[in-house]
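Given next are the chains, with one letter for each unit.
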Amino acid sequence: MPPFNLTGLTPTTFILAGIPGMEKSHIWISIPFCSMYLAALLGNGVVLFVIKTERSLHQPMYLFLSMLAIADLMLSTTTVPKMLALFWFGDREISFGACLTQMFFLHFSFSAESVILLAMAFDRFVAICYPLWYAAVLTPSAVVKTGLVALLRSFCIIFPCIFLLKRLPFCGHNIIPHTYCEHMGIARLACADISINILYGLAVPFAAIVVDVVLIAVSYVLILLTLFRLPSRAARYKAFNTCGSHICVISLFYVPAFFTVLTHRFGQEVPHRVHILLANLYVLFPPLLNPVVYSVRTQQIKKKIVKVFICPKSHLLQE
């Protein structure tokens, strides 16, 4: 099969190069990557199972957590299986359609996770600053609508990238120096002006994420102001502890993301293989660590996991 359609200058396949300069180490690199991916599947699967089976966890905070787990699973599953196939079997080819699909779901899950984190910050804001309004504001209907907003906003932001890429001609360059497809990695292979791709691919999603970060920061500033006005230290500690898990998850999600963006923009002296490794770790670390953070720091989740998996007999007796 020829690599390109000569009439439309559209590639039928791309070649994923993996991690440039570290081809001989692909097998060894795959071991921790595969281990982290399996642990992420297990951790997020346990969180989803516990929230689904325990009625006491059918509250907005935990429903948002289940949405976060689904977004994490999408983020890692979109990229890691193909990455492992490349490392283990040398399966470097990916069709143009599959590459666009992978690119879409990669950026889509990232954007959706950002909206979910914003919703979780709003949940904590209402719970701490306006506790009497909590049940009236965060109704089951409001939670469902929030999930739909996360899907709709992410779709509207990322879907145009597909058309921006499909309009480009590709004149012979089909090797992507990466382990997965992402918007600018594909656009840079085109033999045409990609200024629109650069403008849209950086400005629109980045602006949306920045808005989320600003709103999250405002929420926590207001939460801190409320905490300082609480009468007792014990009350302040208890209220802040409910936010601790979310703050850790926010840090795990946004800090590596902004670090990766900054190293791509300003870290020209950083070897390309380091950029690729950071990008691969980014799609693995949040899905791996988020369920650990919530299982360790959230007493309700911890107790229910123990109840369901460690003490199943006592769990059945209690019911």
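That block above? That's the structure.
How each quantity is defined
Residues numbered from 1 in each chain as written. Predicted model: local features only at pLDDT ≥ 70, side-chain atom pairs only at ≥ 80, totals over all residues. Heavy atoms only, no water. Disulfide = S-S within 2.5 Å. Helix = DSSP H or I, 4+ residues; strand = E, 2+ residues; numbered from the N terminus. Buried < 20%, exposed > 50% of the residue type's maximum accessible area, 1.4 Å probe, protein only. Expected span 1.5 Å × (residues − 1). Bend = angle between axes of the 7 residues up to and from the residue. Pairing = 2+ DSSP bridges. Patch = residues over 30% accessible without salt bridge, like charges linked within 9 Å, V, L, I, M, F, W, Y side chains within 5 Å. Areas by Shrake-Rupley, 256 points an atom, 1.4 Å probe, with all protein chains shown as cover. Salt bridge = Lys/Arg side-chain N within 4 Å of Asp/Glu carboxyl O.

### Some details on the state of the cysteines
Put plainly, two cysteines are in a disulfide when a covalent bond ties their sulfur atoms together. Counted by the stated rule, this structure contains two disulfides. Each sulfur in the disulfide pair Cys99 and Cys181 lies 1.9 Å from the other. Linking Cys99 and Cys181, the disulfide has an S-S dihedral of approximately -115 degrees and is accordingly described as left-handed. Of this pair, Cys99 sits in helix H3 (residues 96-129) while Cys181 sits in the loop between strand E5 (175-176) and helix H6 (183-187), placing them 82 residues apart in sequence. Comparing Cys99 with Cys181, the two get one shared label, buried. Disulfide pairing is shown between Cys171 and Cys191; the S-S distance is 1.7 Å. Every disulfide takes its handedness from the sign of the S-S torsion; for Cys171 and Cys191 that torsion is 60 degrees, giving right-handed. Pair noted here: Cys171 is in the loop between helix H5 (140-166) and E5 and Cys191 is in the loop between H6 and helix H7 (195-228), with a separation of 20 residues, a long-range link. Overall, the relative accessible area of 49% leaves Cys171 in the partly exposed class. Regarding the disulfides, the protein carries the connectivity 1-3, 2-4 under sequence-order numbering of its bonded cysteines.

### A few points about helix H2 (residues 60-89)
If you check H2, its first and last C-alpha atoms are 43 Å apart, about what 30 residues at 1.5 Å a residue would give, namely 44 Å. At Thr77, H2 shows its maximal bend, which comes to roughly 30 degrees, and the proline Pro81 appears one to four places after that position. Burial within H2 is extensive, with 23 of its 30 residues counted as buried.

### Focus: the sheet that holds strand E4 (residues 93-95)
Across the sheet, which stays open at both edges, the three strands sit in the order E4-E3-E5 with mixed pairing between neighbours. Of all strands in the sheet, those bounded by a partner on one side alone are E4 and E5. In terms of strand pairing, strand E3 (residues 13-16) meets E4 through three bridges, oriented antiparallel. Counterpart to Phe14 in the pairing with E4 is Ile94.

### Comments concerning a nonpolar patch on the surface
Taken together, the side chains of Phe206, Val210, Val214, Val218, Val221, Leu222, Leu224, Leu225, Phe228 and Phe240 present a nonpolar region at the surface, about 850 Å² in accessible area. Counting residues per element, the nonpolar patch draws most heavily on H7, at nine residues. With respect to the element layout, Leu222 can be found in helix H7.

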